[in-house]
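If you want the building blocks of each chain, they are given just below.
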Amino acid sequence: MGRSAIQAVLDDWIEAYVTDRDSSLLDLISFFIQCCGCKGVVTAEMCQSKEDKDVRSKMVEELDEAAGLQYKRFLAFPWILTVTWPMDADSAEYPLVQSGPSGRWFHSEFCDFVSVLVAQCQHGVLFDSYLMNSLISLLTELSNSFVRAFRHTCTLAAVKLLSSLLSVALSLSVGIENSQKLYDVQRTKTVRQKSTQQLERMQKKISELQEKRTEVESMTDIIFKGVFLKRYRDMLPEIRSVCMEELGLWMKLYSSAFLNDSYLKYMGWMMHDKVPDVRLKCVLALQGLFGDPVLLPKLDLFISRFKNRLISMVLDKDNEVAVQTMKLLVLISSATDEVLTPEDYKQLLQVVYCSHRPLAATAGELLYSRILSAVPPTSNNQDERNEEEEQRHQIFVRLKALLQFYQETELHEHIVYLVDSLWDWGGSLLKDWPTLTAALLQNRPGFTPAEQAVIVEILVASVRQAAEGPALVGRSGAKKIMSTRERKIQADDCLKLTEHLFSVLPKLLSKFSGSGDPVASLMRIPQYFHPDSQEAKNAQFVSSLMTEMAAVLDLHSSPAVLEAAARTYLRLCDGGAGWASAAGASRDVLVQRWVDQLTGLLGETLRGGCFSAEEETARQIVTTLKKLGAFYNCHDLGQWSVFDLLSPLLTEDGSQGGAPPEVLEEVLRCMSFAMLWSLSTSSETLTCREKAVAQRLQLRLFCERSHRYLSHCDHSVRYQAFLGVCDVLIAHSYQLQVWDPTCFGPLLYTPSPKLQRALLTFVCTHVFIVPDCDNYSRVNESSEVDRLEELHKRRNLLAAYCKLVVHGVLEMSVAAELYTYYMKLYSDFGDIIKETIYRTRQTDKIESARTLVLCLQQLFMQLKREQDSGGRAHSGVQTFTCIKELARRFALTFGDLVKFRECLVMIHRNGVEFVFQDFRQTPDNATPPYLSYLTILSEFSNKLLKPDKKTVLSYLQKHTAEHIIDLREECWQPLIYYRASLLAVAETEDAISYVSSDRRPYLHSRSPIGKQKLEGYKFPGQVRPTEQITKVNKPSISQSPQATVGGTDPFSVSFNIASNVLSNNSESDDSSVDVEL
């Protein structure tokens, strides 16, 4: 519609109002009521006096259920308005809360209408004591309505009306001030220049403006007391947000009246609101107040009272509230130094390590403004060289302050998060790579070795930030898509760091070559070099860098250094860069030297097929193997035939005079990498059958040798052998899946049954460790870090084995043994087992369901064997309650009942067969031995669709038709309740299990709840409770007409549940019924 169109409409309305104000006012009232979304009827009647008690008694809001109407009658003097609308009208949907562009458009246009109405009337009808009185009465009454639409819309209109009136009052104050200045100037003139009439006119004008301002202030006071004081605590959060937002505007717009403690207290109170949007509006309003230096003196009492609340809101659960609160505290910190204490700063500055990047970046602004920017100013009386030195000195001072802050916090070990938090504000310091490297290379004492190590971390983190951006693991809220300008800045920074560090990095590597952690960090810097820089073509720089990196690898064999070097060489050897050929040649020289060294060492130690070496020789072998393993993880070293070189080391068992565990671990790792590279590059290398046969022989050799070491005495050797076998088998499965059938393919290798059993045994033995009380106490005494590290290793082992099942390397049924631990070790491995269930279900849902059934049946049979043996309870056997709960958890994994309909039916058919198959009823063996399994099976009944329940019930009847079932016997209760679960006796409850003991197969006392559930239940056939049905060898149910109609249902003969068979009291058995089934 536009503001100009609103002005035109209101101009026409004002002209009509001057002519006939009653009808025009009614039109305006109807407009506001229609804006509330009311589709009812508005009627009006005149009111002569506000003080009439009869009039007050008529102001009601009620329902007329007989007529289906709602009434709202209120006073908008001189009118008594009655709004009538249907009761079935949806009050939750009105224009102000509509979603999408239409709702936003209405909100904007409605607010503009109110402000334009006041602006167009301020020079005329605004002060006629009729329009505003009626309008304020209307909005006040409707804002107190029980109807949400009236209350929300009219509250918004009222507070916007107050804001517009304050604008009028402000313009009147400006007019009064200007007129007063003119009046004072006129009075200072001489007698001849003075004009008494002009002075009187000015004084009259000032008096009129003051009267108008007083009248406007009276209107605002009425609205504040009549609307704001009642609605700022409204149950609707949108209304509370509107009130707080406008209150902040009033304080800033008309501070002389509203910016005092009487109004600020509402802002402080609502900062405790439970809705984040209300708290956010309060914080944004305070930002506007603290951003104006003129208003700061009036906020002293407020900040002293609510400072603690503001500091606590930095940790608000809503990220936007926390960010805006931190920005508010930054404003407060920059405005005054007396509010926040050192303890407050210490608490606030720790937020630079938080996981939400916008909040951490705002805390970085506070850190930079309070600590890093507080340096002495540069002197002006210096030459150019001294100015450069003074600037570098200032950088060193800031760097010292940053190091001191990092060391004092002792909160986080990863400096990358601190650099990321400071990047937006301290980029000039963090991107000053010449100064950072000068601080590391300087000879004079300036930084301690510990501080230099931190500077190295800062340097590497800043290089990574400049090259890759703010994407960090564990930190959210960063921009995922960079703009064109940001990409240009990132490319320029990457070129600058490459130009400087390409020549300086060799010096840094040479200086810190003896330190493990700093040199490992420095070795990662070439990964971020720009390939198009001019330094890439400088052979001298490239040669110097390769020489220093090789020298570092000769000195160190730690995993951090080797991994960083391998990844750096991988990045440098990537084609397209000027240094790729030199880096590739340097890598080949290193690998060839290590292979030659290893060949010589193994030739001395492997004599007569037995490993024998001194401690120093064994240490050299382990070091060389670590270097080869680290590079084999990133580079294809197949041309050096490392697999054939190391395979003789696995011919003998380590426990019988073989190689030491350290050597075996590294040998297994290198051989697994060799097999992985061979399988991943087989599309290029397998060109004939002979090569395919050779690859399968290598694969079989590796699996057989690794199988031997699954039972090694050393834990690390077992761990590496297991992971190596799993990884290689998964890679072989993937190789078969992606192979092009038109080309010559690899030969299939299937792990032997012994190896499959060994893998499963390994997982059950070394992964699923159930701690007892003594072990748990010992775990508590050990460090938490070691416990979590051990758990992480066990989770890796389980995940590797589950991948074999998911990718089809192992049969799906072997996972049944894993599923038995789903509930017992849910906190440690529940997520992995659950994901395995979902993945296998995507592959073959029927076989996956069979695996779940197999798991439950295995647990049940273990429990049954233990009960039959009568021995002492074994800790590894799960109780009946645990098995039943496991079945319930399995049932919850079936989400889409239509999709898994066939699976659920199969589970029930399999369970019925498990219970009744091969069962022959005898006098000594009246019930199937596994009958209580039906109680477990009933957990899946609520997942069956109604047609499938009938199918399963018919299948159950087929298996029970040949057996005699006596309902008085407790041993048949599992069957009764399983059938009840299929018939949906209690639609909102599961079938009741009568098995309450974990160690006894049947229950001898019924639960009263179970009796209540059976009340009112009838079988299809009808038999009088006084009749006695004799037992015969062959059941016959054709005598009952109802049974004949119902089909061959063995349960078609019913009994009266009200009889004493299932009653709670014990009476004579004369009224009981024997039913033959």
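Residues numbered from 1 in each chain as written. Predicted model: local features only at pLDDT ≥ 70, side-chain atom pairs only at ≥ 80, totals over all residues. Heavy atoms only, no water.

Chemist: Let's hear about the overall build of the chain: which residues, and what values?
Modeler: The number of helices and strands found in the chain is 44 helices and six strands. The burial tally for the chain puts 48% of its 1077 residues in the buried class. Put simply, 73% of the contacts in the chain that link residues at least 6 apart link residues at least 24 apart. (Helix = DSSP H or I, 4+ residues; strand = E, 2+ residues; numbered from the N terminus. Buried < 20%, exposed > 50% of the residue type's maximum accessible area, 1.4 Å probe, protein only. Contact = heavy atoms within 4.5 Å.)

Chemist: Please set out the pattern of salt bridges residue by residue, giving values where relevant.
Modeler: Opposite charge on two side chains permits them to pair, given that their charged atoms come into close proximity. Scanning the entire structure with this criterion turns up 34 salt bridges. Close ionic contact of D493 with K431 constitutes a salt bridge, the shortest N to O distance being 2.9 Å. With D493 in helix α21 (residues 484-511) and K431 in the loop between α18 (427-430) and α19 (433-441), this pair connects stretches of sequence that are 62 residues apart. For R787, the salt bridge identified is with E784, shortest N-O distance 2.7 Å. Pair noted here: R787 and E784 are both in helix α34 (residues 784-806), with a separation of three residues, about one helical turn. Accessibility expressed as a relative area gives 32% for R787, which makes it partly exposed. Among the ionic contacts, a cluster of salt bridges with common partners joins R357, D420, D424 and R475. (Salt bridge = Lys/Arg side-chain N within 4 Å of Asp/Glu carboxyl O.)

Chemist: Explain unusual backbone geometry residue by residue, including any values.
Modeler: Positive phi is not limited to glycine here, since S129 has a value of about 60°. The topology assignment puts S129 in the loop between α4 (101-121) and α5 (131-143). Even without glycine at this site, S641 takes up a positive phi of about 50°. If you trace the backbone, S641 turns up in the loop between α26 (615-632) and α27 (642-646).

Chemist: Explain the nonpolar core residue by residue, including any values.
Modeler: Residues F722 and Y801 are the most contacted members of the largest nonpolar core, which totals 318 residues. Here the element with the most residues in this core is helix α6 (residues 148-187); it accounts for 16 residues. (Core = buried A, V, L, I, M, F, W, Y, C linked by side-chain atoms within 4.5 Å.)

Chemist: Break down the side chain of T153 for me, with residues and values.
Modeler: The topology assignment puts T153 in helix α6. Its relative accessible area of 1% is what places T153 among the buried residues. Engagement of the side chain of T153 in a polar contact is seen with the backbone oxygen of A149, the distance being 2.9 Å. When neighbours within four sequence positions are excluded, T153 is seen to be in contact with C35, C36, Y94, L96 and F110. (Polar contact = N/O pair within 3.5 Å; in protein donor to acceptor, adjacent residues only side chain to side chain.)

Chemist: Let's hear about the side chain of T836: which residues, and what values?
Modeler: Here T836 is to be found in helix α36 (residues 826-843). Look past the residues within four positions of T836 in its chain and what remains in contact with it is C802, V806 and Y819.

Chemist: Which residues make up the confidence of the model for the chain, and what values go with them?
Modeler: On average, residues of the chain score 82 in pLDDT, and 81% of them reach the 70 mark or higher. Across residues 985-1077 the pLDDT falls below 50, and counting only partners more than four positions away or on other chains, this stretch makes 155 contacts in the model. (pLDDT = per-residue confidence, 0-100.)

Chemist: Can you explain the packing of α34 against α36? Please cite residues and give values.
Modeler: Relative to each other, α34 and α36 sit at 10°, their axes nearing to 10 Å. What the angle tells us is that α34 and α36 run roughly parallel. On α36, the residues that touch L791, R794, R795, L798, A799, C802, V805 and V806 of α34 are D828, F829, D831, I832, I833, T836, R839, T840 and T843. Taken together, the residues of the contact of α34 with α36 sort by class into nine nonpolar, three polar and five charged. (Axes fitted to C-alpha atoms, helices over the stretch in contact; angles between N-to-C directions. Parallel < 35°, antiparallel > 145°, perpendicular 65-115°, else oblique. Nonpolar A, V, L, I, M, F, W, Y, C, P; charged D, E, K, R; others polar.)

Chemist: Could you give an account of α5, with specific residues and numbers?
Modeler: Along its 13 residues, α5 runs 18 Å from first to last C-alpha, staying within 8% of the 18 Å computed at 1.5 Å per residue. Where burial is concerned, most of α5 is hidden: 11 out of the 13 residues are buried. Buried residues of α5: L131, M132, S134, L135, I136, S137, L138, L139, T140, L142 and S143, and no others. (Expected span 1.5 Å × (residues − 1).)

Chemist: Requested: an account of the environment of V915, with residues and values cited.
Modeler: With respect to the secondary-structure elements, V915 resides in helix α39 (residues 901-916). A relative accessible area of 2% means that V915 is categorised as buried. In the structure, V915 is positioned 15 residues away from Y930 in sequence and 5.2 Å away in space, judged by C-alpha atoms.

Chemist: Account for the packing of aromatic side chains, naming residues and giving values.
Modeler: On inspection of all chains with the given rule, the structure shows 37 aromatic pairs. The interplanar angle of 65° and the centroid separation of 4.9 Å between the aromatic rings of F914 and Y933 together place this pair among those described as edge-to-face. In this pair, F914 sits in helix α39 while Y933 sits in helix α40 (residues 933-937), placing the two residues 19 residues apart along the sequence. Here the two residues F914 and Y933 agree in accessibility, since each one is buried. (Phe/Tyr/Trp six-rings, centres within 6.5 Å; stacked < 30°, edge-to-face > 60°.)

Chemist: Before we move on, could you go through the environment of A551 and cite the residues and values that matter?
Modeler: Positionally, A551 belongs in helix α23 (residues 539-555). Expressed as a C-alpha distance, the spacing of A551 and L509, which sit 42 residues apart in the sequence, is 9.0 Å.

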